[in-house]
Amino acid sequence: SSKPCNSSSSRCLRIWNSGPITPPARVTAPPNDRSPPSQAACNARSPVTQTAAWLYLAARVLYIPAYALGLTPWRSVVWALGFFATLTMLLAALI
């Protein structure tokens, strides 16, 4: 007859202390620092994306007082500027 599984049972310890089922993942070397930058990294420094990033930041900063003061039409305009700035940055990353 078998013993019930409790904390002092050696059978339970063998089950729980058996280690991982799968072997550990293979570690690969980090990428070479001399590799050329990707196209997305090149577009991140373009004047279009820099302008869009600054416009997005300005829109986020201006949205807070527009919301707090209840400037109904201007709040939507500021939100739209931030949204289109975000779309511009996304499209620039895809091109």
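Sequence positions are assigned chain by chain, starting from 1 and proceeding in written order. Only residues with pLDDT of 70 or above have their local features reported here, since the model is predicted, and side-chain atom pairs are shown and tallied only from 80 upward, although totals for entire chains, interfaces and linings are computed over all residues. Hydrogens and water molecules were not included; the side-chain quantities draw on all heavy atoms of the structure.

(A) View of a nonpolar patch on the surface. Nonpolar side chains (Val, Leu, Ile, Met, Phe, Trp, Tyr) are joined into patches within 5 Å and like charges within 9 Å, using only residues with over 30% relative accessible area and no salt bridge. Using a 1.4 Å probe, the Shrake-Rupley method yields the accessible areas, and only the shown protein chains count as cover for residues. In what follows, salt bridge is the name for a side-chain nitrogen of Lys or Arg lying within 4 Å of a carboxyl oxygen of Asp or Glu. On the surface, a nonpolar cluster with roughly 590 Å² of combined accessible area is contributed by Leu-55, Leu-69, Leu-71, Trp-74, Val-77 and Leu-81. At three residues, the largest contribution of residues to the nonpolar patch is made by helix 4 (residues 72–94). Relative to the assigned elements, Val-77 resides in helix 4. Numbering of helices and strands runs from the N terminus, with a helix taken as a DSSP run of H or I at least four residues long and a strand as a DSSP run of E at least two residues long.

(B) Quick look at the packing of helix 3 (residues 47–68) against helix 4. The N-to-C vectors of helix 3 and helix 4 enclose an angle of 155°; their axes lie 8 Å apart at closest approach. Taken together, the axes of helix 3 and helix 4 lie roughly antiparallel to each other. With respect to the hand of their crossing, helix 3 and helix 4 are arranged in left-handed fashion. Contacts between helix 3 and helix 4 involve Val-48, Thr-49, Ala-52, Ala-53, Leu-55, Tyr-56, Ala-59, Arg-60, Leu-62, Tyr-63, Ala-66 and Tyr-67 from the former and Arg-75, Val-78, Trp-79, Leu-81, Gly-82, Ala-85, Thr-86, Thr-88, Met-89 and Ala-92 from the latter. Just so you know the grouping, Ala, Val, Leu, Ile, Met, Phe, Trp, Tyr, Cys and Pro go in nonpolar, Asp, Glu, Lys and Arg go in charged, and all remaining residues, Gly too, go in polar. Classifying every residue of the contact of helix 3 with helix 4 gives 16 nonpolar, four polar and two charged. Interaxial angle, 0 to 180 degrees, is taken between N-to-C directions of lines fitted to C-alpha atoms, where a helix line uses only the stretch in contact. An angle counts as roughly parallel when it lies under 35 degrees, as roughly antiparallel when it exceeds 145, as roughly perpendicular when it falls between 65 and 115, and as oblique in every other case. Crossings are classed by handedness, with left-handed meaning an anticlockwise turn of the near helix from the far one by less than a right angle and right-handed meaning a clockwise turn. Only heavy atoms matter for contacts: two residues are in contact if any of them lie within 4.5 Å across the pair.

(C) Structural detail: helix 3. For helix 3, built from 22 residues, the straight-helix expectation of 32 Å at 1.5 Å per residue is met to within 8% by its first-to-last C-alpha distance of 32 Å. A 1.4 Å probe rolled over the protein chains alone gives each residue an accessible area, and that area as a share of the maximum for its type sets the label: buried under 20%, exposed over 50%, partly exposed in between. Restricting attention to buried positions, one finds in helix 3 the residues Thr-49, Ala-52, Ala-59 and Ala-66. By definition here, a helix of n residues has an expected span of 1.5 Å times n minus one.

(D) Summary view of the packing of aromatic side chains. Aromatic rings from Phe, Tyr and Trp, taking only the six-membered ring of Trp, are treated as a pair when their centres fall within 6.5 Å; an angle between ring planes under 30 degrees marks them as stacked, one over 60 as edge-to-face, and anything in between as tilted. Counted under the stated rule, the structure contains three aromatic pairs. Relative to Phe-83, the ring of Trp-79 lies with its centre 5.3 Å away and its plane at 5°, an arrangement referred to as stacked. Of this pair, Trp-79 and Phe-83 both sit in helix 4, separated by four residues, roughly a single helical turn. Overall, the relative accessible area of 44% leaves Trp-79 in the partly exposed class. For Phe-83, a relative accessible area of 37% gives the class partly exposed. Members of the aromatic cluster, connected to one another through ring pairs, are Trp-79, Phe-83 and Phe-84. In this arrangement the basic side chain of Arg-60 is found over the ring face of Tyr-63, its NZ or CZ atom lying 5.4 Å from the centre. We call a charge positioned above a ring when the Lys NZ or Arg CZ atom is no farther than 6 Å from the ring centre and deviates by at most 35 degrees from the ring normal.

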